[in-house]
Amino acid sequence: MNQYVNLSDAETPVRDGTIKLHGPEGFDGMRKAGQLAASVLDALTGFVTEGVTTAEIDAKARELILAGGGIPATLGYRGFTHSCCTSINHVVCHGIPADRKLKDGDIINVDVTPILDGWHGDTSRMFLIGDVGVKARRLIDVTYECLMLGIEQARPGNTMGDVAHAIQRHAEKHRYGVVRDFCGHGLGRLFHDAPEVVHAGRPGTGPELKPGMFFTIEPMINIGKPAVKMLDDGWTAVTRDRSLSAQFEHSIGITESGCEIFTKSPAGLDRPPY
């Protein structure tokens, strides 16, 4: 049975398995952090191009986060030494920036989480490099649709299972695999918190959604099977069958009547083409 706690802005949150419910000041903090995160990805739109390295993307993301008054949540997190994640082609998530240059036909997910005034804004988008094939473009379109269908179910009285089922049903309708090994998560003044936000499940199951909950929805969808494997670096997850993978992520808050997307693009660049 899930335990919910009303968290005042004066309290220091603890990762104790409880689902935190936030008030207006929390929404204001998440709104600002989310908009910084979204504006970073907006600014990267013209930068993430053929020939640029993922290390250069990382440096640019760090520069933009710091210029916006934030700090990168991933920098130093559990030993991670970069300011964003860059996941190319068959990399599912947590790709480590390096000297790899982006090539014509690549697809890449860039995932950023600035901390602004103690609040985490967590979001990711797909970028298409040059002439991307039809199959990859379709995967990206469906993955974004999965995210938004999940968000449509994020309202009071529904459950995490309703969110998960909407995502799974749409992905599998297109014969894509939904990754089970990684999920979305609660967040706020903690980077990762309860509840887990799975992307495949049965309606009416899992935690009930209540006003004041903050969490990410971030489906990872594979052209092939759902199975993934970890590389030896301990971070990078790839599709086991080497098929392409795509992901989009928003941070949201449950309101009295639905939800608010904290990380919506100020420039309307939520999905490609940008």
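None of the values given here were measured: they were computed from a predicted structure. (Residues numbered from 1 in each chain as written. Predicted model: local features only at pLDDT ≥ 70, side-chain atom pairs only at ≥ 80, totals over all residues. Heavy atoms only, no water.)

Engineer: Would you take a moment to explain the side chain of Ser 251 for this structure?
Structural biologist: Within the element layout of this structure, Ser 251 appears in strand β18 (residues 250–254). The exposure class of Ser 251 is buried, given its relative accessible area of 0%. Here Asp 122 takes part through its backbone oxygen, which lies 2.6 Å from a polar atom of the side chain of Ser 251. Those residues in contact with Ser 251 that sit more than four places away from it in its chain are Gly 121, Asp 122, Leu 187, Phe 215, Thr 216, Glu 260, Ile 261, Phe 262 and Thr 263. (Helix = DSSP H or I, 4+ residues; strand = E, 2+ residues; numbered from the N terminus. Buried < 20%, exposed > 50% of the residue type's maximum accessible area, 1.4 Å probe, protein only. Polar contact = N/O pair within 3.5 Å; in protein donor to acceptor, adjacent residues only side chain to side chain. Contact = heavy atoms within 4.5 Å.)

Engineer: Sorry, what's going on with the sheet that holds strand β16 (residues 237–239) here?
Structural biologist: Taken in spatial order, the three strands of this open sheet run β5-β16-β15, and their pairing is antiparallel. Every other strand in the sheet has two partners, leaving β5 (91–93) and β15 (228–230) as the edge strands with one partner each. Averaged over all adjacent pairs, the angle separating strand axes in this sheet is 40 degrees, with direction ignored. The pairing of β5 with β16 spans two bridges and is classified as antiparallel. When the bridges of β16 are listed, Val 91 appears paired with Val 238. (Pairing = 2+ DSSP bridges. Axes fitted to C-alpha atoms, helices over the stretch in contact; angles between N-to-C directions.)

Engineer: Looking at this structure, I do not really get the sheet that holds strand β4 (residues 85–88). What am I missing?
Structural biologist: A sheet is described by the order of its strands in space; here three strands give the open sequence β4-β6-β9, paired in antiparallel fashion. Each edge of the open sheet is held by one strand with a lone partner, namely β4 and β9 (123–128). The average angle at which neighbouring strand axes cross in this sheet is 20 degrees, direction not considered. Across four bridges, β4 lies against strand β6 (residues 107–112) in antiparallel orientation. Bridge assignment links Ser 87 to a residue of β6, and that residue is Asn 109.

Engineer: Could you clarify how one ought to interpret the packing of aromatic side chains in this entry?
Structural biologist: Two descriptors summarise a pair of aromatic rings, namely the distance from one centre to the other and the angle between the planes of the rings. All chains considered together, the criterion is met by eight aromatic pairs. Taking 5.0 Å as the distance between ring centres and 70 degrees as the angle between the ring planes, the aromatic pair formed by Phe 80 and Trp 235 counts as edge-to-face. Residue Phe 80 is found in the loop between β3 (71–72) and β4, and its partner Trp 235 is found in the loop between β15 and β16; the two are separated by 155 residues along the sequence. For the ring pair Tyr 144 and Phe 248, a centre distance of 5.3 Å and an interplane angle of 80 degrees mean the geometry is edge-to-face. (Phe/Tyr/Trp six-rings, centres within 6.5 Å; stacked < 30°, edge-to-face > 60°.)

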